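Chain by chain, the residues:
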Amino acid sequence: MDYSIENPRENYKSMKKQLGFSLICQLFLQIISNNESIAQTIITGKVSDKAQKKALSNAIIIVNKLNTEITVGYGMSKPSGQYEIKSNANADSLTLNIKMLGYATQRLNVPNKSQTINFALEESSIELKEVKVKPDPIKKYGDTLSYAVSAFKDKNDRVIADIIKKLPGIEMSPNGQILYQGEPINKYYIEGMDLLEGRYKLANDNLNVDAVTNVEILENHQPVRMLNGVVHSEKAALNIKLKKNITTTGQMSLGAGFSPLLWDVNLTPMLFTKNTQFLTTYQANNIGKNNSSQLMRLTPGIYRGESGIESKQDWLGIQKLSNPTFKENRWLDNNSHIGSINVLKKLKNNLELRLNGDYTNDIQQQEGYTKTIFFSSKEDSILLLENKLNKLYFSNLKTDFTLQKNSNAKYLKNSLRIKAYWDSQMGIINNQNGTLSQQVSIPFYTITNDYRDFFKIGKSLFTLNSSTSFERKPQQLIVSPGQFANLFNANKPFETLQQNIIQTGFFTDNSVQFLKTLKAISFDMQVGFLAENQDLVSDISLKNGAESRRIGREFSNNLTWNNQKYYMHLQSRYKKKKLNINFSTPINYYIFKIEDKALNKSENLNRTTFEPRLGLNYDLNNYWVINASSSKNNSFGNINQIYYGYMLTSYRDIKRSNAPLFQSVNISNSVGLSYRNPINSTFANLIYNYSVRENNLLFINNIGINGSVEKNAIEQKNNNYSQSLNASISKSFSEINTTISIGTNIFKQENPQIINNNFATLIAKGISPNLRVSSSLLKWFGLEYAYKISSFKNIVADIPKQKIIQQNHDLKLNFNPAEKWYLGLNTEFYVNNFNDTQNLFSDLIFRRTIGKKKIDLEANWLNIFNTSSLISISNGAFNYVETSYNLRPSQLILKLRFPL
């Protein structure tokens, strides 16, 4: 553990006060003052022990204006003893103060110019009067921020996610995704190794907090080591530092309760060594915990289908209750089982072999009603009431076999991924037209292989990239009684309507890339081709008594989709000191061949596109960073957006796209400003985005009086506009063990469409401020509070619709009346102005921790007031949806938890 003090005869608390909030505020004001235009001073040197001649690490060097307490720069010595401090002081001379625990403080007056100054410190005895010294909450080493877990931990934290969500500068979204300064992290490491390939919620929710010493943020992280210093990255990664070189950890918990009969099981052992990492889990519950979310990838990918959002896109579905904005354990009626095995083994020659395998089996039941208001014209609207009872069946198996070498001299990665889904859904709906049933089968199968190889020829770097995948989607929807009688059966009622679809696809993307560096400039050229072939076969049949027949050709598809893309991407980069500029000039040539022989429809399109992008990143000083980007890109529709025959996608949605291939040109601009100061634990960011998209198709929505929607498109140029502003600031006050975060999101979107033969510009705008406080004020008391207010408003054809305002309050009070006793009170309060409703939920948690291994005996009384329903509001492009959810009843759960 490292310490520093103000004076050898003063205690640690005095030193902390010297480096405290008031000092940094002076520095902050100095940074943003109008006197920043002078030249920068850089002071470097080495700190060593005068007697032993050895380098000293973590000595603090503070630079003040001469004979003042105004701080203009600071730094810490590295393990080599080297330090570097930058300042923009408007002064003739400076005072350097160097401090380190166990050594006499040195003070030196120097002229304000760039220079090298070495310090040789003399040991000095220190008497501390029974002061308990805490580590600095945050330290900075180059591009690495290190958060000390012990500085943010309290008695009630169990897993590392409890710590990460408290850290200033870091946000954790409801699905578990981690953001640093408003941007998602690009990697999640445990001791520098990527065991989970982006599925890091599995570690966050199960890794014992007592096994972790530090959480590190790696700023500007380049995952490919061969590209370090060559290709600049604006993304950050997160690394978990463990206390021991060989760590066995994890957790096991068993829970049971009523009513009805409830269970909650979690067995998650982990092993981390220098050459091997292992994490496996089996989890099952019916108490409303969505354990399958732990298996979702949350980091961006390089290849098609690698992104955090699953690549499975279904053609068909039942009308479900949309997921509300409040906590899942209030409404999720489930019977869930998941299993996962993850092994990473380091081999010889820097090779790594990794296996990831996941299995999910989950049954969910939804019960409630929806009230949908469709804005069919300027003044008119259509009201649809639906009572829904649904059962959703999720069953899937996913595997990933990866061989990787990632060193400074070589990068090689090959991943073979196999996924199989056997999902299905059933639903009963009661509306003003009666009762109907829905059944859908939506399996999906895919196999993908991704390959990347970096190698050097002379001083030039070459890359081979290849991605190939196959997929198959045989899907079926059955609706009874039949709908859209005017289309299918001359307005005569009939018993059953059935939609059948089989989609198969092949995809490959292959390229070679050349990269060359010349001092501060690097450039690369990538040449490649993409080929995509998909077949879509669909038909609709109806059954009425003994009669069963397929409907005519206009309700079937036999579509062949071929897409080829040949591309040459030129990219130039300039990096010097604080400035990074990236300019890319991709040139693409597309060939589309689309044909449905049965319907005698086809389209051929050849198109060349130029899609430049300019990005800039500039470090104004040690605290402020500004970035900006501007880009133009072309996008084209996919097979889901062009098919010439009708397709029934749900009981009240029928679609076809008997129009040319969708094309759009998007121009996007963004500018951002970020601030981070690890000394006083303050982080802030501001991002503004503005985009214009030009489309060749205008979409048509014909809404029936029963809420049925027929969707189509015509060829007509139109523009979409979108802008957003995101801002946040967070600060940790170590003196009172409190972290406060404040943020907001403001957006506006404009989208023209045709609704029931009327042209309308649809405008959606909103604002969502939020506040989060986490505090351990006293040894026996702490609290967590989160507040969010969301205000949304739709404007249809210049007619404003009712504003929706929803407020979420989430308060958690933590009491520790004795050393190993815990009492928690969780309260959630929801307010909705649309229908003037308020809902209150409260939970009571009692915990007794026994033994040195910290075994928890826990009792949870959930939904104390037995709140049975809750209403939520959401808005679409041309509708409002009010949803009432039947909630989980009051329930009591007893749990036994063992840290492993």
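The residue numbers shown here count from 1 along each chain, following its written sequence. Per-residue local features are limited, in this predicted model, to residues with pLDDT of at least 70; the limit for side-chain atom pairs, both in listing and counting, is 80 or more; totals at the level of whole chains, interfaces and linings are taken over all residues. Side-chain measures were taken over the full set of non-hydrogen atoms in the model, leaving aside hydrogen atoms and water.

Trainee: Even after reading the chapter, I still don't get the sheet that holds strand β6 (residues 106-111), so can you show me in this structure?
Mentor: Hydrogen bonds along the backbone pair up the strands of a sheet, which may run parallel or antiparallel. The four strands lie next to each other as β3-β2-β5-β6, forming an open sheet whose pairing is antiparallel. Each edge of the open sheet is held by one strand with a lone partner, namely β3 (71-76) and β6. Averaged over neighbouring strand pairs, the angle between their axes works out to 20° when direction is ignored. The pairing of strand β5 (residues 93-99) with β6 spans six bridges and is classified as antiparallel. Considered in β6, the bridge of Ile-98 is made with Gln-106. For two strands to be treated as a pair, DSSP must find at least two bridges joining them. Strands are runs of DSSP state E lasting at least 2 residues, helices are runs of H or I lasting at least 4, and numbering of each runs from the N terminus. Axis angles are defined between N-to-C directions and span 0 to 180 degrees, where every axis is a line fitted to C-alpha atoms and, for a helix, only to the segment in contact.

Trainee: Just checking my understanding: could you explain the environment of Ile-763 for this structure?
Mentor: Assignment of secondary structure puts Ile-763 in strand β40 (residues 758-767). C-alpha separation for the pair Ile-763 and Asn-751, spaced 12 residues apart in sequence, amounts to 6.4 Å. Any two residues having at least one pair of non-hydrogen atoms within 4.5 Å are treated as being in contact. In this structure Ile-763 touches Lys-748, Gln-749, Glu-750, Lys-793, Asn-794 and Ile-795, once residues within four positions along its chain are discounted.

Trainee: Even after reading the chapter, I still don't get the sheet that holds strand β13 (residues 183-184), so can you show me in this structure?
Mentor: Taken in spatial order, the three strands line up as β11-β12-β13 in an open sheet, and their pairing is antiparallel. The open sheet has two free edges, formed respectively by β11 (170-172) and β13, since each of these has just one partner strand. Relative to strand β12 (residues 178-180), β11 is paired through three bridges, and the arrangement is antiparallel. Looking at β12, one finds that Ile-170 is bridged to Tyr-180.

Trainee: Can you help me understand the pairing of strand β22 (residues 382-406) in this one?
Mentor: In summary, the side chains of a regular strand alternate between the two faces of the sheet. Sheet topology note: the strand β21 (residues 351-374)/β22 ladder contains 24 bridges and is antiparallel. Residue pairing for β22: Leu-353 is matched across the bridge by Leu-403. Bridging between β22 and strand β23 (residues 411-431) involves 19 bridges; their strand directions are antiparallel. The residue of β23 that forms the bridge with Phe-401 is Leu-416. Between β22 and the antiparallel strand that follows it, β23, lie four residues.

Trainee: Before we go on, may I ask you to explain the confidence of the model for the protein in this structure?
Mentor: The predictor reports its confidence for every residue as pLDDT, a score running from 0 up to 100. Model confidence for the protein is summarised by a mean pLDDT of 88, while 93% of its residues fall at 70 or above. In the predicted structure, residues 1-38 sits below a pLDDT of 50 and forms 84 contacts with residues beyond four places in sequence or in another chain. A low-confidence stretch, residues 303-310 (pLDDT under 50), is modelled with 32 contacts involving residues beyond four sequence positions or located in other chains.

Trainee: Would you explain the side chain of Asn-342 in this entry?
Mentor: Tracing the backbone shows Asn-342 in strand β20 (residues 333-346). Whenever two N or O atoms come within 3.5 Å, that pair is a polar contact, provided that in protein one can donate a hydrogen and the other can accept it, and provided that, for residues adjacent in sequence, both atoms are side-chain atoms. Among the polar contacts made by the side chain of Asn-342, one reaches the side chain of Asn-356 at a distance of 2.8 Å. Sequence-distant contacts of Asn-342, that is, excluding residues within four places in its chain, are made with Leu-195, Leu-196, Arg-199, Leu-202, Gln-277, Phe-278, Leu-279, Leu-355 and Asn-356.

Trainee: Honestly, the packing of aromatic side chains in this entry has me stumped. Any pointers?
Mentor: Centre-to-centre distance and the angle between the planes together describe a pair of aromatic rings. Between the rings of Phe, Tyr and Trp (Trp by its six-membered ring), a pair exists once the centres lie within 6.5 Å; its type follows the angle of the planes, with under 30 degrees stacked, over 60 edge-to-face, and the other angles tilted. For the structure shown, the criterion picks out 33 aromatic pairs. Summarising the aromatic geometry, the rings of Tyr-590 and Phe-636 are spaced 4.6 Å apart at their centres and angled 50° between planes, so their arrangement reads as tilted. Of this pair, Tyr-590 sits in strand β30 (residues 579-596) while Phe-636 sits in strand β33 (residues 624-636), and the two are 46 residues apart along the sequence. For the pair shown, Tyr-590 and Phe-636 are each scored as buried. With 5.6 Å between their ring centres and 45° between their planes, Trp-821 and Phe-846 make a pair best called tilted. With Trp-821 in strand β45 (residues 821-832) and Phe-846 in strand β46 (residues 837-850), this pair connects stretches of sequence that are 25 residues apart. The class for Trp-821 is partly exposed, based on a relative accessible area of 35%. Whether a residue is buried, partly exposed or exposed follows from its accessible area with a 1.4 Å probe, protein chains only, as a fraction of its type maximum: under 20%, in between, or over 50%, in that order. Taking the relative accessible area as the measure of exposure, Phe-846 reaches 38% and is therefore partly exposed.

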